Every structure is written in C-alpha cells, then in structure tokens.
Amino acid sequence: MTFTLFIHFKEQYITYAQVGSEIEEEKYKKLKKQKIAKFYIDEKDELNYQSFLDALLQDTMSSSTATTEEKVNIVEGACGSAIERMQQDPSSESSYKMTENAARTLRQCISENPDAMKELFGKSVEKHELIVKHSLNVSALATKLGQKMKLSEEQLDELAVAGLLHDIGLMQLSEETRNLFSKNRKDFTKEELTAYNAHVQDSISILIEKPYVNQNTMELITNHEELKSGYGPNKKTKLSLSEYIISLVNIYDKTIITTDLTPKQAIKEILIDQMGNFELDLLNKLKEVLTEEGLLEL
C-alpha cells in the first residue's frame, strides 16, 4: 500500500497497516467476514490513495484471469467509496473527479463483461447500503439503456456520473425523511412527498456553481424525478432523452426496492402505469435491455 490505514476505536484513530505493507488474502477474507465498517487514511495520503485505486481498477479491468465477480466487486467498491465521499464532502473537487473515474470504470466493466449486470443487480445489501446500491444500479442500467437509445459516448459518461450522484441530496435530509427512500412512492402522503422531493433541491444546492461539475450531468441530477405529465418536483413536461432515461430507470429500481414485485412484475406494472410519462419506444427498450442482460430472471 502507498498509504497508511487507520481504524477508529474508542474515540481515537489507531494505525492498522503501515505504508509499504500488504494485507494478505486470508486476513482480507477475515476482514470481510467481520464486516469491518471503515478504514481511514490521513488527508496527506489522498493523492496516494487515488493513484493506488486508479491502478487497481485498471489492472483488474484489464486482467485476463480476474473473474466477472471480482471485477464487479472492485468497481462496486470504487463507486461506493466515491458516493460516500461526495456525501461527506460534496464540495470536494477530488471527490467529484473520483466519482467520474469510478463511473467510467463501471461503464467499462458492464460493457466488457457480459454477465456483469446480472452480477451487479443480483447482490443483496444491508438496509443502510440501499441508497448507494440504488445509485450503482441506476448508473449501470441508465447507461445500458442509453446505449440502446444510441446516445453519444459523452452523453453516456454524463448519465453514468449522474446515476451515481442523483440521490446525493438524500443525505442532507433528516433521518425520518431519508427513511422514506424505502417506502413505495404510491403510499406517500402529500406531506411526505413534499419532504422527500426536497432531496432534489438539496442535490442542486450541493453541486451548483462548482466549476468542475459537468453542467449536463447537473441537469440530469436536477431532473431525475421529472415526468412527462409534469408531476415531478420541478414540474417539467419537456425533458431531454437522457433525462427521460435516468427518470425511468430511477422508477424501475425504486419499484424493485420498495415493493415485493419481481423484476418481471415490476416492468409489467411500469409499462402500464408510466405510459403517459414516457414514450412507448423508451419503455419497450427498457424491457429489451432487462431481457438481454438477464435481469428479468433474478
């Protein structure tokens, strides 16, 4: 490792592993089994950590011996770390750049490995990890649907980053309101809907006027809850194709999270309920992507 690892114990940070050391595979497996919550690094080691992570991602993605599961695991970790860092320090340019890099690697992973989407969507997570898991799902599925709709590479990159960051504003809400994430939107009271929709404005306030934030990505984050009918938080009725894609994918994955519906049942319900909110071609293309990726079998 090119940085020193710390753990937080009894109100102090204790050195776990020194710079230049290694964590053996058996020790790593034990850590995973014990579900160690977090490691920490010194602020001065941030660039070393980022370089280490970038090299690890590229080595794993280009490896001919790494399995799809291993590649998905490493990409999940990178994306999850990027999202969490943006939640903790949303004004950090390095955190945003880390998210862009993680999103590109996610795109590479699902593009080059036929079973990656099934591996990604087939994983169950703890309740406290649902928001990050949802963000990864939206990023991956939105870019797959974007490919199907023949978006440009630049637009796909924007979708991938927006997917990872679209719910960043949730962390600015109270715990009670944030818990609405796991509730079916159809069951929201008027007051709950108003409170929950505040996460969109909070996302905007976090990222607005940051010179390093791609403005098209910003628009996607701003309008990820919008619908053709105008029932979204911003009351928009005309959206770009990319905005329609992230909105539709967001609805699909939230349906899976907040109901007992299977993927087949969820897409069937969406094809009926969302007919007036999205073009029929886009709805059908989503079903095609889900079928091609084997996600309806989960």
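Above this text you will find the structure in question.
If you're wondering where the values come from, they're calculated on a predicted model, not measured in any experiment.

Let us look at helix 9 (residues 190–207). An α-helix turns once per 3.6 residues; consequently, residues spaced three or four apart project the same way. Here helix 9 contains 18 residues, and its C-alpha end-to-end distance of 27 Å stays within 8% of the 26 Å for a straight helix at 1.5 Å per residue. Every buried residue of helix 9 is listed here: Tyr196, Asn197, His199, Val200, Ser203, Ile204, Ile206 and Leu207. For helix 9, the elements touching its buried residues are helix 3 (68–88), helix 8 (175–178), helix 10 (215–222) and helix 11 (241–258). With its phi angle positive at about 65°, glutamate 209 sits one or two positions after the end of helix 9.

Glancing now at the state of the cysteines. One pass over the structure, following the stated rule, counts 0 disulfides. In this structure cysteine 79 is a free cysteine whose sulfur lies 9.0 Å from that of cysteine 109, the closest cysteine sulfur available. For cysteine 109, a relative accessible area of 2% puts it in the buried group.

Of all hydrophobic cores here, the largest spans 72 residues; its most connected members are Leu141, Leu145 and Ile245. The residues contacting isoleucine 245, other than those within four sequence positions of it, are Ala142, Leu145, Gly146, Met149, Leu151, Leu159 and Leu282. Formed by 8 residues, the second largest nonpolar core is a distinct cluster that contains Leu130, Leu173, Phe181 and Phe188.

Moving on: helix 3. Over its 21 residues, helix 3 runs 30 Å from end to end, which matches the ideal 30 Å to within 8%, given 1.5 Å per residue. What helix 3 keeps buried is the set Lys71, Val72, Val75, Glu76, Ala78, Cys79, Gly80, Ala82, Ile83, Arg85, Met86 and Gln87.

Running from N to C, helix 6 (residues 130–148) and helix 7 (residues 153–165) cross one another at 160°; their axes reach a closest spacing of 7 Å. As the angle between them shows, helix 6 and helix 7 are arranged roughly antiparallel. Remark: the crossing between helix 6 and helix 7 carries right-handed chirality. Residues Ser135, Leu136, Val138, Ser139, Ala142, Thr143, Gly146 and Gln147 of helix 6 form the contact with helix 7, whose own contacting residues are Leu156, Leu159, Ala160, Gly163 and Leu164. Broken down by class, the residue content of the contact of helix 6 with helix 7 amounts to 7 nonpolar, 6 polar and no charged.

Attention shifts here to the side chain of threonine 105. Residue placement: threonine 105 occurs in helix 4 (residues 93–112). With sequence-adjacent residues up to four places away left out, threonine 105 is seen in contact with Leu57, Gln58, Met61 and Val75.

When strand 1 (residues 5–9) meets strand 2 (residues 12–17), the two strands line up antiparallel, connected through 5 bridges. Counterpart to leucine 5 in the pairing with strand 2 is alanine 17.

Calculation criteria
Residues numbered from 1 in each chain as written. Predicted model: local features only at pLDDT ≥ 70, side-chain atom pairs only at ≥ 80, totals over all residues. Heavy atoms only, no water. Helix = DSSP H or I, 4+ residues; strand = E, 2+ residues; numbered from the N terminus. Expected span 1.5 Å × (residues − 1). Buried < 20%, exposed > 50% of the residue type's maximum accessible area, 1.4 Å probe, protein only. Contact = heavy atoms within 4.5 Å. Disulfide = S-S within 2.5 Å. Core = buried A, V, L, I, M, F, W, Y, C linked by side-chain atoms within 4.5 Å. Axes fitted to C-alpha atoms, helices over the stretch in contact; angles between N-to-C directions. Parallel < 35°, antiparallel > 145°, perpendicular 65-115°, else oblique. Left-handed = near helix turned anticlockwise from the far one by under 90°. Nonpolar A, V, L, I, M, F, W, Y, C, P; charged D, E, K, R; others polar. Pairing = 2+ DSSP bridges.

Read these as layout, nothing more, since geometry by itself doesn't imply function.
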